[in-house]
Amino acid sequence: MKTEQLMNEIREANLSYLMLAQNMVRQDRDAAVYRLGVCEDVANVLDQLSPAQLVRMAASNLLLFRFRFDDSLIVDMLSDYGSGKLMAGSHAAVLMAAQPAAGLAS
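Below, the structure is looked at part by part.

Conventions adopted
Residues numbered from 1 in each chain as written. Predicted model: local features only at pLDDT ≥ 70, side-chain atom pairs only at ≥ 80, totals over all residues. Heavy atoms only, no water. Core = buried A, V, L, I, M, F, W, Y, C linked by side-chain atoms within 4.5 Å. Buried < 20%, exposed > 50% of the residue type's maximum accessible area, 1.4 Å probe, protein only. Helix = DSSP H or I, 4+ residues; strand = E, 2+ residues; numbered from the N terminus. Salt bridge = Lys/Arg side-chain N within 4 Å of Asp/Glu carboxyl O. Phe/Tyr/Trp six-rings, centres within 6.5 Å; stacked < 30°, edge-to-face > 60°.

Core analysis: the biggest nonpolar cluster contains 14 residues, and Leu 18, Val 25, Leu 36, Val 42 and Leu 46 have the highest contact counts within it. Counting only elements with at least two residues in this core, the list comes to helix H1 (3–27), helix H2 (29–36), helix H3 (40–48) and helix H4 (51–58).

In C-alpha cells, the structure reads:
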C-alpha cells in the first residue's frame, strides 16, 4: 500500500470515527463516555465541534482513536468467538470499563 493511499484511509477512518463519536455523545452522553472510553471533558469537546472542525481534525495523518485493550487477556476474550464462552464479551466489557477514561492529551 502506498503512503498516500494509507494517509487517505487514516483521514477517512478519523472522520468516520469523529462523526460516530459526536453522534453517540449527542444521543446518549453517558453511554458514549462508557463505550468510547473518554472522559466527560472529551465528550464536551466532541459535542461542540462544528462540521468544519471535524474535517480539520480528521485531516491529521495520525489515527485519532486507539484500541482500548492493551491487555492480552481482553484481546483473547474479544477474539474468542467460536469456543462457546458466552460470557467472554461481557467479561471483557467489565474489564475495559474498569480502565481509566482517556483524556485529551493521554
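So, on to the pattern of salt bridges. On inspection of all chains with the given rule, the structure shows three salt bridges. Put simply, Asp 47 and Arg 26 hold a salt bridge, and the shortest N to O gap is 3.2 Å. Taken together, the positions of Asp 47 in helix H3 and Arg 26 in helix H1 put the pair 21 residues apart, joining distant regions of the chain. According to the relative accessible area criterion, Asp 47 is buried, its value standing at 19%. The exposure class assigned to Arg 26 is partly exposed, which follows from its relative accessible area of 47%. Residues Arg 29 and Asp 47 are paired through a salt bridge, measuring 3.2 Å at the closest nitrogen-oxygen approach. Note that Arg 29 is positioned in helix H2 and Asp 47 in helix H3, a separation of 18 residues in sequence.

One pass over the full model with this rule turns up one aromatic pair. Centroid distance Tyr 17 to Phe 65: 5.1 Å. Interplanar angle 35 degrees. Geometry classified as tilted. Of this pair, Tyr 17 sits in helix H1 while Phe 65 sits in the loop between H4 and helix H5 (72–79), placing them 48 residues apart in sequence.

Shape descriptors only; they carry no functional weight alone.
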